[in-house]
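The chain contents come next:
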Amino acid sequence: MKKNKFLPIAIILLGLINTGCQNKNTLENNKNITIGTSMKLEKATRDEYNYDTLSSGISELPLVSKNTDGTFSPLLVDYTTSDSKIWTLTLNDNYRWSDGNNVTAEDILFSLEYEWDNNTPLFSNSNEKGEFETYSISEDNKSISLTLEKANIKYLDNLTTFRIRPKHIYNNKNTDEITVSDVRVSCGPYILNNFSLETNSLVFTKNPYYPKETKFKKITYILFNNEEMLYNSLNQNSVDFIWNYSIGIPTSYQSILSQNDNIKFASITASNCPAILLFNNKKGFGSDKNIRAAISYALNYQDFKKYFGSEFASTPNKSFAPSSLTGYKETEHLVTDYSIADEYMKKAGYIKEDTTYKKQGVEACLNLTINSKKETHISYGEFVKTQLEKFGIKVNLDTVDSTLFNEKTSHKFATEGPDGFNEITMEAAIMGFTAYGMKNLGGMYINGNNNVQGGGEVYNEELDNIMNSMESSKTIEEYMIYTGQLQDFYANELPAIALFWDNTIYAYSKNLKNVHIDSVFGLNNYKNFIEMIKE
């Protein structure tokens, strides 16, 4: 048979064509990024807590960002102050809304007033309006100076989650007049292009009016139904990184993911509290301080650290506030001691009969509410149940969906009470206190006067005075005096117990370079979507 002298050349050309197509596809893929999350979304609008946290790094920029070393960096605005009372915020670029209108200082003012007057934000800070007395706006509408009612050296912390709204859309409109498309107008580097519950995905594309260069053409979030599917998606290289707000990679999955050479890890000293046993201090079994003290001595913190903590995990103090926070004070360490726990049970009127403590024939019993969406929290709850029942306190696990959990543990979402809302109905709950929530050392979770969280239901004049003094401190030295008093209050009253402290561990594809970790938002932050590259 006669050989075809052109066949080798054809094969070479075909190979070159295929290689070129592959290279083109690779380059195109490197302009897109896929992120996995197990956060539940239903509407993908600003009034939805999970979307509000997710969009904060990509489309709805906070005014400033907080670095892992505790310092701050400008995002939407530059900031100056000489006395922590007068703050000047200046838009640091020619930002425009995604509908083409200019972003102005009036938008900042309008948003401060809107969040306060409407009491609508779920995640954005809602307490700014009451903090300033007067304001002035520059002639070019790029700068606003706010004179606070009192000096606040921690004011920038408030701005790390505060996002502005376009005045030209919201002004003079009732809530029912604002459309979904109105709500999605933003001024960040990307805009929401598509949200689908059928495909469980959100797709963001470039904001054509954003004044700075962005690295990616498209950013896709895949919504997974559970944590196992989420972490497997990274292990199978089907996503570039995984993210849930204020949650790192659980230890059980760290060991699995660490066997994959395509995955890299980053660790930061946590400013959140990943595992908290929060009591309703107003009513129920845990409203007795002696009971809370007994439980604190009955729990085995070494086991929590061993089975749930990373190599950086440690045993917490009686004050749950971790050592990374500004103003940290070391209080007495939590220890396991059944004899001390028994003494506190006796003070509460309980005597151990056989294997269970009883008071007037009624068993000691803690009803513990857990968010069924958070698998790790379910495990924490089971450990609490095992340990307390070994000691002699019965535990009923009240495992509920995310919606009901929020209704039972926070004032913002509560649906029961004399007026049909605002009543905390849980007796105790497994929670994670977020980095933002810990900016005032967790007071928003403990103080019952907080109208967003306040699940701890502590109504105490001493607590109020300490928190007010913290907020009005004029120097960091003065601030640390009151943070020390707050932590002494926590250690004495035990409104909540940290089960362990740990670093926050993040995981992402090794193909990502120039990766930045934000103190509040972790991997899902503005700087990554501007500077990070995919190889």
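The structure this text deals with has already been given above.
Conventions adopted
In this convention, every chain numbers its residues from 1, walking through the sequence in written order. Residues qualify for local features only when their pLDDT is at least 70, as the model is predicted, and side-chain atom pairs are given and counted only at 80 or more; totals for whole chains, interfaces and linings, by contrast, use all residues. Hydrogens and water are ignored here; the side-chain numbers use all heavy atoms of the structure. The criterion for strand pairing is that DSSP finds at least two bridges linking the strands in question. Under the scheme used here, helices are H or I runs from DSSP no shorter than 4 residues and strands are E runs no shorter than 2 residues, and both carry numbers assigned from the N terminus. By nonpolar core is meant a set of buried Ala, Val, Leu, Ile, Met, Phe, Trp, Tyr and Cys residues that side-chain atoms within 4.5 Å join together. The cut-offs for exposure are 20% and 50% of the maximum accessible area for each residue type, with area from a 1.4 Å probe on protein chains only; residues under the lower value are buried, those over the upper are exposed, and the others partly exposed. In what follows, residue pairs with any heavy atoms lying within 4.5 Å of each other are defined as contacts. Every axis in this analysis is a line fitted to C-alpha atoms, fitted for helices over the stretch in contact. Angles between the N-to-C directions lie between 0 and 180 degrees. Small angles under 35 degrees read as roughly parallel and large ones over 145 as roughly antiparallel, with 65 to 115 read as roughly perpendicular and the rest as oblique. By the definition used in this description, the sense in which the near helix is turned from the far one sets the handedness, with an anticlockwise turn below a right angle giving left-handed and a clockwise turn giving right-handed. When residue character is reported, Ala, Val, Leu, Ile, Met, Phe, Trp, Tyr, Cys and Pro are called nonpolar, Asp, Glu, Lys and Arg charged, and the others, Gly included, polar. Looking down the strands as they point away from you, a crossover is right-handed if its path from the first strand over the helix to the second goes clockwise.

**Topic: the sheet that holds strand β16 (residues 362–363)**
- Ordered in space as β14-β15-β16, the 3 strands form an open sheet in which the pairing is antiparallel. Each end of this open sheet is capped by a strand with a single partner; those strands are β14 (351–353) and β16.
- Where strand β15 (residues 356–359) meets β16, 2 bridges bridge the pair, whose relative direction is antiparallel. When the bridges of β16 are listed, K359 appears paired with V362.

**Points about the nonpolar core**
- L63, L76, V77, L159 and I164 are the most contacted members of the largest nonpolar core, which totals 36 residues.
- Those elements giving two or more residues to this core turn out to be β5 (86–91), α3 (105–118), β7 (143–148), α4 (155–159), α5 (167–170) and α17 (526–531).
- Considering every element that reaches this core, the biggest residue donor is α3, with 6 residues.
- Among all residues touching L63, those that are not within four sequence positions of it are P74, L75, L76, V77, L89, L159, F162 and I164.
- Residues I295, I370, F391 and I497 belong to the second largest nonpolar core, which totals 34 residues.

**As for the environment of N262**
- Residue position: N262 is located in the loop between α8 (251–257) and β12 (263–268).
- Sequence separation of N262 and K394 is 132 residues, and the distance between their C-alpha atoms is 45 Å.
- Discounting residues that sit within four places of it in the chain, N262 has contacts with N237, Y508, S509 and K510.

**Re the packing of helix α9 (residues 289–298) against helix α11 (residues 338–347)**
- Orientation of α9 relative to α11, taken along the N-to-C sense of each, is 165°, at an axis distance of 8 Å. One finds that α9 runs roughly antiparallel with respect to α11. Where α9 crosses over α11, the two elements pack in a sense that is left-handed. When α9 is examined against α11, the residues N290, I291, A293, A294, Y297 and A298 are found in contact with a partner set consisting of Y338, I340, A341, Y344, M345 and K347.
- Of the residues in the contact of α9 with α11, the class split is 10 nonpolar, 1 polar and 1 charged.

**Some remarks on the pairing of strand β17 (residues 365–371)**
- Most of β17 is tucked away: 6 of the 7 residues are buried.
- With helix α12 (residues 375–391) bridging β17 and its parallel neighbour strand β18 (residues 394–400), the resulting β-α-β unit is right-handed.
- Alignment of β17 against strand β19 (residues 428–433), held across 2 bridges, turns out to be parallel. Residue pairing across strands places L368 opposite A428, the latter belonging to β19.

Such coordinate-based values are descriptive only and should not be taken to indicate function.
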